[in-house]
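Summary of structural features
For reference, the chains in residue letters:
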Amino acid sequence: MHDTKWVDLRSDTVTQPSAGMRAAMLSAPLGDDVFGDDPTVNRLQGVTAELLGFEAALLLPTGTQSNLAALMSHCGRGDEYLVGQEAHTYRYEAGGGAVLGSIQPQPITNQPDGSIALADIEAAIKPDDAHFARTRLLALENTIGGRVVSRAYLDAAIDLANRRGLATHLDGARLFNAATKLGIAPKDVCRGFDSVSVCLSKGLGTPAGTMLAGSKAFIKTAHRMRKMLGGAMRQAGVIAAAGLYALEYNVTRIADDHANAERLARGLSGIPGLVVEGAQTNMVFVRVAAEQVATLNTHMQQTGIRILAAPRIRLVTHLDVDAGGIDRAITAFKSLFVK
Ligand SMILES: *Cc1c(COP(=O)(O)O)cnc(C)c1O
């Protein structure tokens, strides 16, 4: 068995709160946020709204609940949202929009770059006819599967949605990765969207928390949805303090995660038996033969590298993996595949 620290590449959600973050959580002034009394939550909501260029923002426990509250704020029973086949809000949220919101998803195949073709969006918008659900919302994601969607595409998609009377939501769970890659401010990634959801618990490294931002009227509705969904928390300032800390200290360092992902992609490319899909942000995808998966899983465990072994493995960099950890992972792959 390995004798040093695990290198955990399963997700950017596996990070531990740093000493500084824990100290901030411990000393945060608190109140009952259901009464609107928590000063730390209120501060985080204000800071986030400002940072993302919206009138208001709301703290929710998870990204899944934030996206669902957004869907339910934009759409009512019998409405429809257009969404990528690969999008988290369609594929990975247990069908919450349909189950809890009575909102019909209209999934559309994503292009290889993660976008949804404008012609496909056009074609999916239903006419005003009793046969159809009412198409109300276009939901996009950035980054999606580690890929960044360009600002030019977002402009075109938002323009189309506006022309056709649709609202727009951005699942920006990894918004700061997108902003870093595009080299623009977070609010410039959000520009034009009616609502944006941003996870604090991914690349930003907090133990929990997602921010939903939008107009005052939208956030007022989302606040009601959050209560309905059981997400109104009491002394939530302990979580908000971690978020404030993360926004102050963990945003600019996301560039390190991208550099480490590039280092990993470079180190793995050329290893026989691996097909590496290059790193745009903090994710590298590696394909291996199906019959190698079990062997690889055991081998990586033994060398202290945590991965989700599959025929297509997603390797994710984050603030608890440094360049040395990346090199250990590369060595572990090599020791199995290079004979
Ligand atoms: C993780 C993630 C979410 C959901 O966040 P949770 O806090 O895990 O519920 C939503 N969208 C995307 C793109 C994500 O990666």
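So, how was this worked out
Residues numbered from 1 in each chain as written. Predicted model: local features only at pLDDT ≥ 70, side-chain atom pairs only at ≥ 80, totals over all residues. Heavy atoms only, no water. 1 Å grid on protein atoms, 1.4 Å probe; cavity = no way out; pocket = protein on both sides within 12 Å on 5 of 7 lines; lining within 4 Å. Points joined across faces, edges and corners; volume = space filled by probe spheres on them. Helix = DSSP H or I, 4+ residues; strand = E, 2+ residues; numbered from the N terminus. Nonpolar A, V, L, I, M, F, W, Y, C, P; charged D, E, K, R; others polar. Domains from an automatic or database assignment. Buried < 20%, exposed > 50% of the residue type's maximum accessible area, 1.4 Å probe, protein only. Contact = heavy atoms within 4.5 Å. Polar contact = N/O pair within 3.5 Å; in protein donor to acceptor, adjacent residues only side chain to side chain. Pairing = 2+ DSSP bridges. Axes fitted to C-alpha atoms, helices over the stretch in contact; angles between N-to-C directions.

Our next topic: the layout of surface pockets. Left-over empty space is what a probe sized like a water molecule reveals as it rolls over the atoms. Of the volumes computed, that of the largest pocket is approximately 820 Å³. Lining the largest pocket are 34 residues, with Y92, G145, M283, F285 and R314 sitting closest to its centre. Of all the elements in the fold, those that place two or more residues in the lining of the largest pocket are helix 3 (63-74), helix 4 (88-91), strand 7 (195-199), strand 10 (283-287) and strand 12 (312-316). Class assignment of the residues belonging to the lining of the largest pocket gives a composition of 10 nonpolar, 12 polar and 12 charged. In terms of domain composition, the lining of the largest pocket takes at least three residues from each of domain 1 (7-14 + 253-337) and domain 2 (31-249). Considered as a void within the structure, the second largest pocket measures approximately 240 Å³ in volume. Lining of the second largest pocket is provided by 14 residues; of these, K5, W6, V7, D8 and D320 occupy positions nearest its centre. Only strand 1 (7-8) and helix 14 (323-337) provide two or more residues apiece to the lining of the second largest pocket.

Another point: the environment of R136. Its location among the elements puts R136 in strand 5 (residues 134-141). Looking at R136, the relative accessible area reads 37%, which means it is partly exposed. It is 56 Å that separates the C-alpha atoms of R136 and K339, two residues lying 203 residues apart in sequence. Aside from chain neighbours lying at most four places away, what touches R136 is H74, C75, D79, E80, L166 and A167. Within the local environment of R136, its side chain forms a polar contact with the side chain of D79, the two groups lying 3.0 Å apart.

Moving on, we come to the sheet that holds strand 10. Pairing in this open sheet of 3 strands is antiparallel, and the strands run 9-10-12 from one edge to the other. Taken across any chain shown, the strands that pair with only one partner, and hence form the sheet edges, are strand 9 (275-277) and strand 12. Ignoring which end each strand starts from, the neighbouring axes of this sheet average 25 degrees apart. Alignment of strand 9 against strand 10, held across 3 bridges, turns out to be antiparallel. Note that in strand 10 the partner of E277 across the bridge is F285.

Function cannot be inferred from these measures alone, as they are strictly geometric.
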